[in-house]
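# Examining the three-dimensional arrangement
The primary structure of each chain is shown beneath.
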Amino acid sequence: MYLHYAYYNLIIFCSDGLEKEITLRRLLFVLMLLPALLFAGDEAITDYHNTSLFLPQTPSVTGGATAAFFNPAGWSTNDVNNTSFYWTDRRIKHGGMENWGFSTGRGLGFSVMNQTLAQGTIRDYQLGFSGGDRESHFGMAYRWGGGDTNILPREKSIVAGIIKRPAPWISYGLSGVESLESGGRLGIADFGIRPFGSDMFTVFADYSMHGKDQLEDGYWGAGFEFRPISGIHIGAKMRESEFDDYTFSLNVGFTFKGGAGHHALPSYNKDGDQLGTAFLVTGDSPVAPVADWDHFEFGKKDRVIAYNLENKYLTYSKYQWGDSKHIAWLDLVKELDIIRDSDDIKAIALNLSYFGGKPSLIWEFREKLLELRENDKEVYIFIDRAGMGSYYLVSAASEIYMDKWGGFDLSGVGVSKTYLREMLDKFGIGFRAMQFFPHKTAVESFDRTDMSDGDKEQLGRLVDVIYEEFRDGAASRDQITNDSFDNVVDELVSLTAPEAVELGLADKLGRWYDLKKFLTKEKNLLWSSLNSIDKKEFHDETWGKPGTVAVVYAVGGCSMDTGIKGRSTSAYMRKLADNPDVKAVVLRADSPGGDPLPSDLVAEAIKLIQDEGKPVIISQGDLAASGGYWISMYGDEIITTPLTITGSIGVISAWVWDKEMHEKVGLNVDGVERGEHYSMNQSYRYPFVGFKLPARDLTDEEFALQKEDILDMYDGFVEAVAEGRNMSTDDIYPIAGGRIWMGADAVENGLADSIGGLQSAINRAADLAGIGDRFQLTEYPPRPLFEMPSLGTPFGMLGSINISPALYISDYSGNRADPAIEWLEIMAESQGSGQLMMMPVTLPDGWMFSE
């Protein structure tokens, strides 16, 4: 269970005029701990110095549930719930295990410590909570006693502590116990230093005060730990003794895969006489295990990880609760990397029946599957039916299992448009195109009855690139060549499963359960679920809070409050510029464009982040065209995919008006006005449907003014691209004019820097920020908790309103209207102002792998 606590900030205005922000919570903790350190007492409070022999280092260095016995902040230093159990071989009554303890927790924690003395047995119970991040941790607990408390009294107490790990080389902690029944107090301070900034070598020391001692009368301890390889612990520590000059103990430990740690800690007096041995066992330890332990686990079967992705959709995000339909790419890629690096995982099996996703992510998924194969992992895929795009992904498999009643529809790739000019005429809707560039063709669906030469040129290139990418993927299989694939497309079109196997497009006939039987019986692999993958992080490997790479999704049309949500997205990005924890930003641009204002708000925010010395890497998705390229152009680097449609540097508009339709339904408009051109704003409003259209066409003068604005905006667009790409306008104009480019062509023309996916962009951002492979991710927009229901309008037949569209979870279309009609509505609402957009119907038929 994770508890989230509010951070209350105290603002202190310093003499230099700067605002220093201090976390009030931490300040209160420190104030509370100081009395325990400065005025310690010995009234019936568990001693630290003589009961912590099982502690391998000091509380702030050891961390986890083990440290929580003495500093409850230790619970939060692990990434998951952590458990600790210790016992010692010291016996007073010779009756079995007499001195032992148990601790478990993370957000909430519980611990118990059992001590057997000559007078009797006493137990200390502790229940508390903790929180924090990788840098700062806090905890508080309530402690009470049990057992022979009539003989060995224990007072109810409050225990509080903090652990700070501000840098990879230092950790320090402060904890105190305050009795609720007397003035008794106990204080503990400790620190650890890692001179090499890693867990290989650590020196540590602690100091505790008890009794009514003055500050100089407390007890000290110091030691070191050496980890020659990951998961092997060798250490020693020395402690001031109340009875001898000192005692010392050794630490020999192992941490195994799965977080199971085992330590033996024998202790000795100054004469070398053994005083006893403490044994510590931990589960889900924050310490990294022995890296190659798999080689020593005799008899353990190799595994195959099964992914049942049937009927699922690969996209950017997913709902946190109850979402069995979507697969978030950053979740999946993390799991695939774990599979790649796990020695005991030999294969992955994928059920891709009716699986779909965003094309750019399908490409990146395929690249990851090929990477697995390069790392000696077999990839088995089951499929029943597939088209061109689906087979492109499937072709990355080592072996393809196909349902005997399945089939492939490999009819090719194409783009078609529906032209509405004559329909608009029949409806009585007037349409005046403001198209001044031959390749900026979004208005042509409403102004023509066929495809223009400029559109055929650029869409022909789009179709060629996509087809050849799909064909090259198929031809990566040994049985397929480019010519044989062309022959299937041109001559056979659709294939039955037996035909696919015969032609080498698939390997075996069978169903998902047949694949499972084959891998477990014939390949002798252990069929394992996705949940068996160890996703644990090891917070003890490197102290300190890692830098953050922020991933910002700008998905959908360029609008102020929908689509990319230019207003809120740019505001969030401005905060990233000022956030010292954020070291780099990745903007995922996946937009066909739209309104220049939200586009420029996001572009401006990119420059503000860069002004703070933070790199911004652009990762282009399916579409990063027109306004989608505007939000890309200022990135330090632009990483695109072979299937990305980008460019479209141009401006377009149209004037849509009610030419005759009002007459057909009996509407009239009249009014008074002042202003030469105010009548441009008069509209026929259609009741019940909330639909309106301007009442007249533009005059020649008004058209000329709009054209001038569009051409000026176009020049500004070109100049901004030249600035962002460090090129001249003379370089940009020939590749602008509204022309769309596929990813590799964009790289060749200087509009992008390299081919890669979202993960490549994240890693590149971290490299440029100088944080290497040690960083944490944050995503915006944050993942919604659950999908909101669709609420019908008062006129149910008119459609529905989805109050949480979450476009970055779905694709552009989602459940919305036909994109051509939606585009027409945008043009009508823009009233002739320039738009930075391409129309989604430019995409190949079936391009959006529908959900």
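In what follows, the structure referred to is the one given above.
Below or above, wherever it landed, is the structure these notes cover. Quick caveat: nothing in here was measured; it's all calculated off a predicted structure.

With 16 residues, helix H5 (residues 359-374) ought to run about 22 Å at 1.5 Å a step, and its terminal C-alpha atoms sit 23 Å apart, in line with that. Among all positions in H5, only Pro359, Ser360, Leu361, Ile362, Trp363, Glu364, Phe365, Arg366, Lys368, Leu369 and Leu372 are buried. A positive phi of about 65° marks Asp376, the residue just after H5.

Turning our eyes to something else, we now look at the packing of helix H4 (residues 329-341) against helix H20 (residues 758-769). Packing of H4 against H20 brings their axes to within 11 Å, and their N-to-C directions diverge by 80°. With respect to each other, H4 and H20 are oriented roughly perpendicular. Within the contact between the two elements, H4 uses Trp329, Leu330, Val333 and Asp337 and H20 uses Leu758, Gln759 and Ile762. Along the lines of polarity and charge, the residues of the contact of H4 with H20 split into 5 nonpolar, 1 polar and 1 charged.

Let's shift gears to the packing of aromatic side chains. For any pair of aromatic rings, geometry is given as the distance between the ring centres together with the angle between the planes. Counting across every chain of the model gives 32 aromatic pairs. With centroids separated by 6.1 Å and ring planes inclined at 75°, the aromatic side chains of Phe355 and Phe365 adopt a geometry described as edge-to-face. One end of the pair, Phe355, is in the loop between strand E20 (345-351) and strand E21 (356-357); the other, Phe365, is in helix H5, and 10 residues separate them in sequence. Of the two residues, Phe355 and Phe365, neither departs from the other in class, the shared state being buried. In textbook terms, an aromatic cluster arises when at least three aromatic residues are bridged by ring pairs, as seen for Tyr48, Phe54, Phe69, Phe70 and Tyr86. Just above the ring of Trp543 sits the side chain of Arg194; from NZ or CZ to the centre is 3.8 Å. Here the guanidinium or amino end of Arg366 rests over the ring plane of Tyr392, the centre of that ring lying 4.8 Å away.

Turning next to the packing of H4 against H5. H5 packs onto H4 with a crossing angle of 10° between their chain directions and a minimal axis gap of 10 Å. In this view, H4 runs roughly parallel relative to H5, as classed from their interaxial angle. Of H5, the residues touching H4 (which contributes Trp329, Leu332, Val333, Leu336, Asp337, Ile339 and Arg340) are Leu361, Glu364, Phe365, Lys368, Glu371 and Leu372. When the residues that make up the contact of H4 with H5 are grouped by side-chain class, the tally is 8 nonpolar, no polar and 5 charged.

A word on the sheet that holds E21. Read across the sheet, 3 strands follow the order E19-E18-E21 without closing on themselves; strand pairing throughout is parallel. Strands at the two margins of the open sheet, each flanked by one partner only, are strand E19 (326-328) and E21. The sheet contact formed by strand E18 (residues 313-315) and E21 spans 2 bridges and is parallel. In the strand pairing of E21, Leu314 is matched with Gly357.

With that settled, consider the pattern of salt bridges. The final tally for this structure, using the stated rule, is 34 salt bridges. Between Glu225 and Arg227 there is a salt bridge, with the nearest N and O atoms lying 2.6 Å from each other. Arg227 carries the same exposure label as Glu225, and that label is buried. The closest approach of N and O atoms between Arg739 and Glu457, which form a salt bridge, is 3.5 Å. Placement of the pair is Arg739 in the loop between helix H18 (729-732) and strand E37 (740-742) and Glu457 in helix H9 (residues 453-475), with a sequence separation of 282 residues. The network of salt bridges with shared partners includes Asp337, Arg340, Asp341, Lys368 and Glu371.

Moving on, we come to a nonpolar patch on the surface. A contiguous nonpolar patch, built from Phe196, Met200, Phe224, Phe226 and Ile234 and spanning about 460 Å² of accessible area, is present on the exposed surface. Among the residues examined, Phe224 registers a relative accessible area of 34% and is labelled partly exposed.

It is worth spelling out the environment of Thr641 at this point. On the secondary structure map, Thr641 appears in the loop between strand E32 (637-640) and strand E33 (645-647). Classification of Thr641 as buried rests on a relative accessible area of 1%. Taking C-alpha positions, Thr641 is 8.2 Å from Asp622, a pair spaced 19 residues apart along the chain. Of the polar contacts made by the side chain of Thr641, one reaches the side chain of Thr644; its length is 2.7 Å.

Calculation notes
- Residues numbered from 1 in each chain as written.
- Predicted model: local features only at pLDDT ≥ 70, side-chain atom pairs only at ≥ 80, totals over all residues.
- Heavy atoms only, no water.
- Helix = DSSP H or I, 4+ residues; strand = E, 2+ residues; numbered from the N terminus.
- Expected span 1.5 Å × (residues − 1).
- Buried < 20%, exposed > 50% of the residue type's maximum accessible area, 1.4 Å probe, protein only.
- Axes fitted to C-alpha atoms, helices over the stretch in contact; angles between N-to-C directions.
- Parallel < 35°, antiparallel > 145°, perpendicular 65-115°, else oblique.
- Contact = heavy atoms within 4.5 Å.
- Nonpolar A, V, L, I, M, F, W, Y, C, P; charged D, E, K, R; others polar.
- Phe/Tyr/Trp six-rings, centres within 6.5 Å; stacked < 30°, edge-to-face > 60°.
- Lys NZ or Arg CZ within 6 Å of the ring centre and 35° of its normal.
- Pairing = 2+ DSSP bridges.
- Salt bridge = Lys/Arg side-chain N within 4 Å of Asp/Glu carboxyl O.
- Patch = residues over 30% accessible without salt bridge, like charges linked within 9 Å, V, L, I, M, F, W, Y side chains within 5 Å.
- Areas by Shrake-Rupley, 256 points an atom, 1.4 Å probe, with all protein chains shown as cover.
- Polar contact = N/O pair within 3.5 Å; in protein donor to acceptor, adjacent residues only side chain to side chain.

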